[in-house]
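Structural overview for review
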Amino acid sequence: MSDPTFAARPTLEEVAARAGVSRATASRVVNGSEGVRAPLVERVRAAVDELGYVPNQAARTLVTRRNGAVAVVVAEPETRFFADPFFAQQVRGISKELTAHDNQLVLLLTEGAADYERVGRYLAGGHVDGALIFSLHDDDSLPALARKAGVATVIGGRPGWSDAEAGPTTLYVDCDNRGGARDAVRHLIGLGRRRIAHIAGPLDQTASIDRLDGFRDVLPDIDPQLVAEGDFTPEGGARAMEQLLERSPDLDAVFAASDVMASGALRVLRQRGLRVPDDVAVIGFDDIVSVAEWTDPPLTTIRQDIEEMGRMMARLLLRALDPATVPGQASVLAPIVTPTQLVVRASA
């Protein structure tokens, strides 16, 4: 005897019967195919709503050859991912865009070689239509794993290889890291600062290298002692600030490669009794509002639209999978580099 607690799921045949159309017509409407007259589409959709029909994903995949799912692969451990508000903003943008186009987000985090093997197997298993990969480090194998799995891929941030090596099909979304860094340093010089230090991000990531290069574009003869490497965490920013003060106690400005590291630097400066910006001016990078507006003093920074860049990544991938997915977009698939903007607050 069947369990009365659970009602039988309505079938596609029942939808077709309710709408008064063939099963094939009902299937085309449910799967979003073209070629069905508008009145029939409305009848099928009404039948779907009335019956509470939910398409069988496995059967739908056979018809559309799409899973309606996208992997978001982050080359960082869980502790870093969940602690850094940058990732929250980027994934929020990705999720909004995927949801708007009826796609599911599947989050995959990596902590070591074993995790890479797991991610590679998952991507190759046909569970997702494409992958969005970000926070890559030098010699990262994740893009190669995605290519081997045969899934379309968009990378967050400029990859560490040249365009010639990457080939014409490599898609990525990044901001003008180098130009933003130049704007930060020029602002500090315009304030009359002369001993300007830099807290770099991890130098196995292209964003960190580009921001350091932008810093050096404006200050080509900078004393190497005025550059310290951090790790995009508050603790890393604090350690780098300690190093810089030990090496150059007379520094009068700091450009940190992220707001989060700048927050750590501000804490150290306060502990040392140095006033910001009177004694040391501080500029960050990212304009993460939950950080920049709540530091003491509020942080002058270089803004990149992190959430919108996440949306752009998802949009670019969906266009690569199906140009009709995102109407109104240009047909040419190419990397995207967005502008940055100096946001002046009280710290510089």
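Below: a short report on this structure. This structure is a prediction, so every number in the text was calculated from the model and none was measured.

Thresholds applied
- Residues numbered from 1 in each chain as written.
- Predicted model: local features only at pLDDT ≥ 70, side-chain atom pairs only at ≥ 80, totals over all residues.
- Heavy atoms only, no water.
- Pairing = 2+ DSSP bridges.
- Helix = DSSP H or I, 4+ residues; strand = E, 2+ residues; numbered from the N terminus.
- Axes fitted to C-alpha atoms, helices over the stretch in contact; angles between N-to-C directions.
- Contact = heavy atoms within 4.5 Å.
- Parallel < 35°, antiparallel > 145°, perpendicular 65-115°, else oblique.
- Left-handed = near helix turned anticlockwise from the far one by under 90°.
- Nonpolar A, V, L, I, M, F, W, Y, C, P; charged D, E, K, R; others polar.
- Expected span 1.5 Å × (residues − 1).
- Buried < 20%, exposed > 50% of the residue type's maximum accessible area, 1.4 Å probe, protein only.
- Right-handed = clockwise from strand over helix to strand, strands pointing away.
- Polar contact = N/O pair within 3.5 Å; in protein donor to acceptor, adjacent residues only side chain to side chain.
- Salt bridge = Lys/Arg side-chain N within 4 Å of Asp/Glu carboxyl O.

Moving on, we come to the sheet that holds strand E9 (residues 281-286). Read from one edge of the open sheet, six strands run E7-E6-E8-E9-E10-E12, paired in mixed fashion. With partners counted over all chains shown, the strands left at the sheet margins are strand E7 (227-229) and strand E12 (341-343), one partner each. Ignoring which end each strand starts from, the neighbouring axes of this sheet average 20° apart. Relative to strand E10 (residues 300-303), E9 runs parallel, the two being bridged by four bridges. Residue pairing for E10: Asp286 is matched across the bridge by Arg303. Packing against the sheet, helix H13 (residues 259-271) makes contact with strand E6 (196-200), strand E8 (253-256), E9 and E10, and its axis sits at approximately 160° to E9.

Generally, phi is negative for residues other than glycine and the peptide bonds are trans, each holding for most cases. The omega torsion across Val276 and Pro277 is 5°, close enough to zero to call that bond cis. Of note, Pro277 is situated in the loop between H13 and E9. The step from Asp296 to Pro297 runs through a cis peptide bond, and the omega angle for that step is 0°. Examined against the element boundaries, Pro297 turns out to sit in the loop between helix H14 (289-292) and E10. One non-glycine residue, Asp102, lies in positive phi territory at about 60°. Within the element layout of this structure, Asp102 appears in the loop between helix H6 (85-100) and strand E2 (104-109).

Before going further, it helps to examine the sheet that holds strand E3 (residues 130-134). The sheet built from six strands is open, its strands ordered E2-E1-E3-E4-E5-E11 with parallel pairing. The strands lining the two open edges of the sheet, one partner per strand, are E2 and strand E11 (336-338). Between one strand and the next, the sheet's axes are offset by a mean angle of 15°, whatever the strand orientation.

Before going further, it helps to spend a moment on the packing of helix H12 (residues 234-247) against H13. The N-to-C vectors of H12 and H13 enclose an angle of 50°; their axes lie 7 Å apart at closest approach. One way to sum up the angle between H12 and H13 is to call them oblique. Classified by chirality, the crossing of H13 by H12 is right-handed. Here H12 contributes Pro234, Gly237, Ala238, Met241, Glu242 and Leu245 to the contact with H13, which in turn contributes Val260, Met261, Ser263, Gly264, Ala265, Arg267, Val268 and Leu269. The residue makeup of the contact of H12 with H13, split by class, is nine nonpolar, three polar and two charged.

With that out of the way, let us pick up helix H11 (residues 206-218). Residues spaced three or four apart along an α-helix face the same direction, because each turn holds 3.6 residues. For H11, spanning 13 residues, the distance from its first C-alpha to its last is 19 Å, which sits close to the expected 18 Å at 1.5 Å a residue. The set of residues buried in H11 consists of Thr206, Ser208, Asp210, Arg211, Leu212, Gly214, Phe215 and Val218. Next to the buried residues of H11 lie strand E5 (171-175), helix H10 (177-190), E6, E7, E8 and E9.

This part takes up the pairing of E3. A large share of E3 lies buried, amounting to five of its five residues. Relative to E3, strand E1 (residues 69-74) is paired through five bridges, and the arrangement is parallel. Counted as the bridge partner of Val70 is Gly130 from E3. Read as a crossover between parallel neighbours, the route from E3 over helix H8 (residues 142-149) to strand E4 (residues 152-156) is right-handed.

This next bit is on the pairing of E6. Taking burial as the measure, the five residues of E6 include five buried ones, the bulk of the element. One ladder, built from four bridges, connects E6 with E8; its direction is parallel. Directly across from His198, in E8, lies its bridge partner Phe255. Taken together, the three bridges between E6 and E7 define a ladder with parallel strand orientation.

Note on placement: Gln304 falls in the loop between E10 and helix H15 (306-321). Since its relative accessible area comes to 4%, Gln304 is described here as buried. A polar contact is formed between the side chain of Gln304 and the side chain of Asp286, at a distance of 2.6 Å.

Here we take up the pattern of salt bridges. Applying the stated criterion across every chain, the model contains 23 salt bridges. Ionic pairing is found between Glu307 and Lys96, a salt bridge with its closest N-O pair at 2.7 Å. Linking Glu307 in helix H15 with Lys96 in helix H6, this pair joins segments that are 211 residues apart in sequence. Classification of Lys96 by relative accessible area gives partly exposed; the value is 40%. Ionic pairing is found between Arg239 and Asp231, a salt bridge with its closest N-O pair at 3.2 Å. What makes Asp231 partly exposed here is its relative accessible area of 27%. One salt-bridge network, in which partners are shared between bridges, spans Glu97, Glu308, Arg311 and Arg315.

In short, the description is geometric, and any link to function would need to be established separately.
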